[in-house]
Amino acid sequence: MKQITAKVISNTRILKELKRRRDPKHPQPRDVLGSYLLWLDCPELTPKAKPGQFVMARCGGKTILPRPFSIHQVNNKGNIALFFAVWEDGKGTNWLSQRRISDKVELFGPLGINFSIRSDSRNLLLVAGGIGIAPLYFLAQEAVKKMRSVTLLLGAATASQIYPKNLLPSRIKTVITTEDGSAGKKGRVIDLVPEFIDRADQVFACGPIPMYREMYLQRRKFLKNKPTQVSLETVMGCGRGICYGCTIKTKKGLQEICRDGPIFDLDNIVLEDI
């Protein structure tokens, strides 16, 4: 792990604003002000980065604590990309979205446990719900390099929130679904899993906790007990296992998302306590 100052190479909003439906009987949902692809020059960090790991970024003076971001992409020029949504009340992500070319961002990482592809796995199924493509892109990149077959199930609420297909890694199969039917198949991304699970040797997922809960409760139907790794996201205090702020219950006892994760076997997590 290294602490570095990275220079911004580019910062592009690639997904539009998403207005949430308002219901006076329930807590107000947060709007998404857009999703950004931020490229940073940090050759000191990239050689050790692995799919599923993350970095902590200091977001100027807008937040006291650094913010965790999945490593989205890595290239052979010493650059990494972060892909993140900007929430209407997100001080850190708002600050990061406003960075321009040659601006500086303080990072430390790479941190956490990475995804693990078994040596005998040839066909991988990736399930990305919403912003869940963030860590799965890097995994797809590395899997293709290792001559694995990759199928990506990519879901979102509506067409404007689907990660652009032309930006995805080449040589992977992508199946799109939207809840409103405006792109791809209509429905939730998890509804597609039974259609593709038979051919999969391993499953890798990133999405909201309710998606994981349903996958776990119906794993015999959806997953047919195939090995499944998921990426957990949460607010972190330190990112290094010191503050215990991201502690969760697992079947192995208490574990920290930053140090023992963020990648966990689905069967190991006590999801009802998250």
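Residues numbered from 1 in each chain as written. Predicted model: local features only at pLDDT ≥ 70, side-chain atom pairs only at ≥ 80, totals over all residues. Heavy atoms only, no water.

Novice: Please give an account of the packing of aromatic side chains that cites residues and values.
Specialist: In this structure the tally under the stated criterion is five aromatic pairs. Judged by centre distance (5.1 Å) and plane angle (85°), the rings of Phe83 and Tyr163 are edge-to-face. With Phe83 in strand β6 (residues 79–87) and Tyr163 in the loop between β9 (149–156) and β10 (173–178), this residue pair connects regions lying 80 residues apart in the sequence. Across the pair, Tyr163 and Phe83 agree in class, each one buried. With centroids separated by 5.6 Å and ring planes inclined at 90°, the aromatic side chains of Phe115 and Phe204 adopt a geometry described as edge-to-face. Of this pair, Phe115 sits in the loop between β7 (104–111) and β8 (123–129) while Phe204 sits in strand β12 (residues 202–206), and the two are 89 residues apart along the sequence. (Phe/Tyr/Trp six-rings, centres within 6.5 Å; stacked < 30°, edge-to-face > 60°. Helix = DSSP H or I, 4+ residues; strand = E, 2+ residues; numbered from the N terminus. Buried < 20%, exposed > 50% of the residue type's maximum accessible area, 1.4 Å probe, protein only.)

Novice: I'd love a proper account of the sheet that holds β12, names of residues and values included.
Specialist: Read across the sheet, seven strands follow the order β11-β10-β9-β8-β12-β13-β16 without closing on themselves; strand pairing throughout is mixed. Edge positions in the sheet fall to β11 (185–186) and β16 (263–265), since each has one partner strand and no second. When β9 meets β10, the two strands line up parallel, connected through six bridges. From the neighbouring strand, Ala156 faces β10, where its bridge partner is Thr178. On top of the sheet, helix α4 (residues 209–217) reaches β8, β12 and β13 (228–231); it is set at about 150° to β12, its chief contact. (Pairing = 2+ DSSP bridges. Contact = heavy atoms within 4.5 Å. Axes fitted to C-alpha atoms, helices over the stretch in contact; angles between N-to-C directions.)

Novice: How would you explain the state of the cysteines if you had to name every residue and give the values?
Specialist: Scanning all chains against the criterion turns up zero disulfides. The thiol of Cys42 is not disulfide-bonded; the next cysteine sulfur, from Cys59, is found 15 Å away. Assessed through its relative accessible area of 0%, Cys42 is described here as buried. No disulfide involves Cys258; its sulfur sits 3.6 Å from that of Cys246, the nearest cysteine. When its relative accessible area of 2% is taken as the criterion, Cys258 is described as buried. (Disulfide = S-S within 2.5 Å.)

Novice: Please give an account of the pattern of salt bridges that cites residues and values.
Specialist: Following the criterion strictly, the structure yields nine salt bridges and no others. Between Glu195 and Lys185 there is a salt bridge, and its shortest N-O distance comes to 3.1 Å. Taken together, the residues span a long stretch of sequence, with Glu195 in helix α3 (residues 193–196) and Lys185 in strand β11 at a distance of ten residues. For Glu195, a relative accessible area of 49% puts it in the partly exposed group. Its relative accessible area of 38% is what places Lys185 among the partly exposed residues. Notably, a salt bridge pairs Arg259 with Glu256, separated by 3.0 Å at the nearest N-O pair. (Salt bridge = Lys/Arg side-chain N within 4 Å of Asp/Glu carboxyl O.)

Novice: Tell me about helix α2 (residues 133–145), and name the residues and values.
Specialist: Since there are 3.6 residues in each turn of an α-helix, residues three or four apart along the chain are aligned in direction. For α2, which comprises 13 residues, the first-to-last C-alpha distance of 18 Å matches the rise-based estimate of 18 Å (1.5 Å per residue) to within 8%. When we look at burial in α2, the residues that qualify are Ile133, Ala134, Pro135, Leu136, Tyr137, Phe138, Leu139, Ala140, Gln141, Ala143 and Val144. Met147 sits one or two positions beyond α2 and adopts a positive phi of about 65°. (Expected span 1.5 Å × (residues − 1).)

Novice: Please set out α4 residue by residue, giving values where relevant.
Specialist: Along α4, the positions that sit buried rather than exposed are Met211, Tyr212, Met215 and Tyr216. Seen from one end, α4 has its buried residues packed into an arc of 130°, which puts them on one side. The outward face of α4, more than 90 degrees from its buried face, is lined by the exposed residues Pro210 and Leu217. Where α4 is buried, its residues touch β8, β12, α5 (219–222) and β13. (Arc of directions from axis to C-beta.)

Novice: If you had to explain unusual backbone geometry to someone new, which residues and values would you point to?
Specialist: Residue Gly109 is joined to Pro110 through a cis peptide bond whose omega torsion reads -5°. For the bond from Gly261 to Pro262, the omega torsion is 10°, close enough to zero to count as cis. Assignment of secondary structure puts Pro262 in the loop between α6 (257–260) and β16. Its identity is not glycine, yet Arg171 carries a phi of approximately 70°, on the positive side. Relative to the assigned elements, Arg171 resides in the loop between β9 and β10.

Novice: Which residues make up the sheet that holds strand β1 (residues 2–15), and what values go with them?
Specialist: Within the open sheet, the seven strands sit side by side as β4-β3-β7-β1-β2-β6-β5. Their pairing is antiparallel. Only two strands of the sheet have a single neighbouring strand rather than two, namely β4 (67–70) and β5 (73–74). In terms of strand pairing, β1 meets strand β2 (residues 32–41) through seven bridges, oriented antiparallel. By the bridge assignment for β2, Thr12 is matched with Leu37.

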